[in-house]
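What follows is each chain in one-letter form.
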Protein chains: 2
Amino acid sequence: MTTPAQGLHTHVLDALGLEIAAGEHLPGQVLRTDELARRFDVSRTVVREVIRVLESMHLVESRRRVGVTVRPTEAWNVYDPQVIRWRLAGADRPRQLRSLTVLRSAIEPVAASLAARHATPEQCAELTERALGMVATSRGQQLEGYLEHDIAFHRIVLNASGNEMFARLGDVVAEVLAGRTHHQVMFEDPDPAAVTLHVRLAEAVREGDAAGAERLTKEIAVGALHELDVLAP
Amino acid sequence: MTTPAQGLHTHVLDALGLEIAAGEHLPGQVLRTDELARRFDVSRTVVREVIRVLESMHLVESRRRVGVTVRPTEAWNVYDPQVIRWRLAGADRPRQLRSLTVLRSAIEPVAASLAARHATPEQCAELTERALGMVATSRGQQLEGYLEHDIAFHRIVLNASGNEMFARLGDVVAEVLAGRTHHQVMFEDPDPAAVTLHVRLAEAVREGDAAGAERLTKEIAVGALHELDVLAP
DNA sequence: CGGGAACAAAAAGTACGACGTTTATGTCAC
DNA sequence: GTGACATAAACGTCGTACTTTTTGTTCCCG
């Protein structure tokens, strides 16, 4: 599952980012650039570019004479989709999944409420389509198909909210949903109640029922949180 | 207000980031590394590191044979505090301020509700202290002092929520509050109603009144949105 | 014996030049 | 007109040399 090296830089960045996100280098630990260069068998130039990117994500801090020191988790840019991906691939996936789901529970109801007011007819149509797609794939081990519709559904709601910050959370939600499907024990079909809620949410948005959309989204969020409690105590 | 160039890299990054965030380079426009190197009078090495960082923020995309192309706004990592700062310094500050305030209105009530449940005695004490500080500085043109207390107050609530994603939004909230104070016409003292709400919010958190804390925070958010509507139509 | 100033070393920061790699684009033949 | 091929433009990578900052150490003076 490693990145297919579409450039040396990408490969090293991904490897180092994963290591740090996984906690393999404790905060305060120092890495030296030429050491890394040797280790990955690349030039110091490439390493320095990687370090700069990691630094912009606040994963590390580079200081002269001392080296590249790993920063504590509290400093990280945890909203960076790249960082999220690295963390979800690591050891503290459960905690990460939980805090992201709580974030969703705060954002998505408000986004749905706004979407009910601002959604274009096209968005409403696609939303309904996706909801129906979820129904169609909700039985018979079609988890991948279901996931695709689910992601698209939530992305449409976030986009339709008309708020840029909400819209850009689509990638995060996609990561969460994908993580839930792929890495949790999910032999069974999705919860029928959740499927129904999505259908009703599509209706509420189409009818411009802001309060209803908000309430339904909250229910979906509660369900997701509950699911986490049951599967990952 | 430009960064005092604690390194060539930082200077160029800040300059270019500002330009792009301000829309001086339209999406699709290409920049060439040699050209930039000449323009800023630095080596191509430095420029490439800057480009890499900008690329990690999805502000630009670097492709062989074509150059560094500016990406559309929808692709940007709008949660990156650095990007937020650049955008707040640019032309679409009003829109940016508005979408961030809407984001706050979604996050902070939930965070306050969680804070009411999880806040430690120390956090409660400091919260009360900050609320009193806001009262003390709410009259007589002590805007800077008020701002400091306000920022600290909201930061504590976000931290006390116990959710990492919420906590990391403290920087964003700080930028919004600072932007509001510094760049809007704010001759007058803060709204007394808002001050009162903060005091009551501190009480609610201290008493573990989750519902009350959520409601009060919503009121604060509504006030902030209203203020935006009045001052920046 | 203690403290401060000069000094030395270590590591990142910067520069430069050369070469490799990809890929858009235009040309030429069919 | 279409397809293969050559070309060149831009980024990608490398190695080396030099600069700057920080830090630790040593040594001299009080």
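Every residue gets a number counted from 1 within its own chain, in the order that chain's sequence is written. Chains carry letters and ligands carry numbers; both start at the beginning, A for chains and 1 for ligands, and go up in the order they are written. A pLDDT threshold of at least 70 governs which residues receive local features in this predicted model, and a stricter bar of 80 or more applies before side-chain atom pairs are shown or counted, although totals over entire chains, interfaces and linings include all residues. In computing side-chain properties, one takes all heavy atoms of the structure into account and sets aside hydrogens as well as water.

### Things to note about the packing of aromatic side chains
Pairing of aromatic side chains here covers Phe, Tyr and the six-membered ring of Trp, requires ring centres within 6.5 Å, and sorts the geometry by plane angle: under 30 degrees stacked, over 60 edge-to-face, intermediate tilted. Counted under the stated rule, the structure contains one aromatic pair over all chains. Summarising the aromatic geometry, the rings of Tyr79(A) and Tyr79(B) are spaced 4.9 Å apart at their centres and angled 5° between planes, so their arrangement reads as stacked. Separated into two different chains, Tyr79(A) in the loop between β3 (67-70) and α4 (81-88) and Tyr79(B) in the loop between β3 (67-70) and α4 (81-88) make up a pair that spans both. To sort residues, take the accessible area from a 1.4 Å probe on protein chains only and compare it with the maximum for the residue type: under 20% means buried, over 50% means exposed, and anything in between is partly exposed. Under the relative-accessibility criterion, Tyr79(A) is labelled buried at 9%. In this description a helix means any DSSP run of H or I spanning at least four residues, a strand means any run of E spanning at least two, and both kinds are numbered starting from the N terminus.

### A few points about the interface of chain A and chain B
In what follows, residue pairs with any heavy atoms lying within 4.5 Å of each other are defined as contacts. At the interface, 32 residues of chain A touch 32 residues of chain B. Here chain A packs against chain B, burying approximately 2900 Å² in sum over the two surfaces, 59% of which is carbon and sulfur. When the buried surface of chain A facing chain B is broken down by residue, Tyr79(A), Met165(A) and Arg168(A) rank first, second and third, together holding 25% of it. Salt-bridge detection follows one rule: a side-chain nitrogen of Lys or Arg within 4 Å of a carboxyl oxygen of Asp or Glu. There are six salt bridges connecting chain A and chain B. N or O atoms within 3.5 Å of each other form a polar contact, as long as, within protein, one can give a hydrogen and the other can take it, and as long as residues adjacent in sequence are counted only when both atoms are side-chain atoms. Summed over the shared surface of chain A and chain B, the result is 14 residue pairs in polar contact (both at pLDDT 80 or more). Broken down by secondary-structure element, the contributors of at least two residues to the side of chain A that touches chain B are α3 (44-56), α4, α5 (93-118) and α8 (164-167) of chain A. In the side of chain A that touches chain B, the residues fall into 17 nonpolar, seven polar and eight charged. Simply put, the buried area is the total loss of 1.4 Å probe accessible area from both parts when two parts are fitted together. Each residue gets one label: Ala, Val, Leu, Ile, Met, Phe, Trp, Tyr, Cys and Pro are nonpolar, Asp, Glu, Lys and Arg are charged, and the others, such as Gly, are polar.

### Observations concerning the protein's contact with DNA strand C
Neighbouring DNA strand C are 23 residues, the closest being Arg48(A), Arg65(A), Leu8(B), Arg63(B) and Arg64(B). Residue Ser62(A) places a side-chain N or O atom 3.1 Å away from a sugar or linking oxygen belonging to DNA strand C. With respect to DNA strand C, the side chain of Thr45(B) contributes an N or O atom lying 3.4 Å from a base nitrogen. Secondary-structure elements contributing two or more residues to the surface near DNA strand C are α2 (33-40), α3 and β2 (60-63) of chain A together with α1 (8-21) and α3 (44-56) of chain B. By convention in these notes, a residue is near a molecule or strand provided one of its non-hydrogen atoms lies within 4 Å of it.

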